[in-house]
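Reading the structure
Spelled out, the chains give:
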Amino acid sequence: MRVNPSTVYLIVGIIIAIAVSAFVYYWGVPNYTTTKGLTPEQPILRSFTIHGSSYEFDTSRIVVKKDDAVKIEFISDDTSHNLCIEGYGCTQLVSGGASSVLSFVAKDAGIYSFYCNVDSHRQQGMEGQLIVEQ
Ligand SMILES: [Cu+2]
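A brief report on the enclosed structure follows. (Residues numbered from 1 in each chain as written. Predicted model: local features only at pLDDT ≥ 70, side-chain atom pairs only at ≥ 80, totals over all residues.)

Moving on, we come to the sheet that holds strand β1 (residues 45-53). The sheet built from 4 strands is open, its strands ordered β2-β1-β4-β7 with mixed pairing. Each edge of the open sheet carries a strand with a single partner, namely β2 (56-57) and β7 (99-105). Bridge count between β1 and β2: 2 bridges; the pairing is antiparallel. Counted as the bridge partner of S53 is E56 from β2. (Pairing = 2+ DSSP bridges. Helix = DSSP H or I, 4+ residues; strand = E, 2+ residues; numbered from the N terminus.)

Let's shift gears to the nonpolar core. One broad trend across soluble globular proteins is that nonpolar side chains are buried collectively. Residues I72, L83, L102 and F114 are the most contacted members of the largest nonpolar core, which totals 13 residues. Elements that contribute at least two residues to this core include exactly β4 (69-76) and β8 (110-115). The element that contributes the greatest number of residues to this core is β4, accounting for 3 residues. Discounting chain neighbours no more than four positions away, the residues touching L102 are I72, F74, L83, I85, Y88, G89 and T91. (Core = buried A, V, L, I, M, F, W, Y, C linked by C-beta atoms within 7 Å. Buried ≥ 20, exposed ≤ 12 C-beta atoms within 10 Å, placed from the backbone. Contact = placed C-beta atoms within 7 Å.)

Below, the discussion takes up unusual backbone geometry. Residue Y55 is reached from S54 by a cis peptide bond, and omega for that bond is 0°. With respect to the element layout, Y55 can be found in the loop between β1 and β2. In the Ramachandran plot, D67 falls in the positive-phi region, its phi being about 75° despite a non-glycine side chain. When you line up the elements, D67 lands in the loop between β3 (61-65) and β4. Residue class for D67 comes out partly exposed when judged on the 15 C-beta atoms lying within 10 Å of it. The backbone of D119 shows a phi angle near 40°, a positive value even though the residue is not glycine.

With burial as the criterion, only one face of β4 is covered, namely that bearing V70, I72, F74 and S76; the residues A69, K71, E73 and I75 on the opposite face remain uncovered. Bridging between β1 and β4 involves 8 bridges; their strand directions are parallel. From the neighbouring strand, L45 faces β4, where its bridge partner is A69. Bridge count for β4 against β7 is 7 bridges, and the pairing is antiparallel.

This is how it looks when you write it as structure tokens:
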């Protein structure tokens, strides 16, 4: 008996379809992401301590990477100061010897100013740069 080749392909195709359906029915769809044990990446925590006094910070430049969790402890060494970062807000205003923490996740790469927003402290030199690298 002569069988049409396209009939053979059709039968093989049906057998494969039944086999795959049976596999999925009994064992479910393979989930490669969980079997590899992948978990979301944890942000890297970068901690800094910056001192401020009239009219300068002891740090002029801090460098982090995009998506880092950044924690900056600001300490005033004399009178009332704070530390503000463009786009990320300010610490509390603190007096000499006191400190306040500013925490944030560095969202976008770029160069951002940090400064004290009391009176004209920024203009008098209380300014620096946060560099967020790609
Ligand atoms: Cu100040």
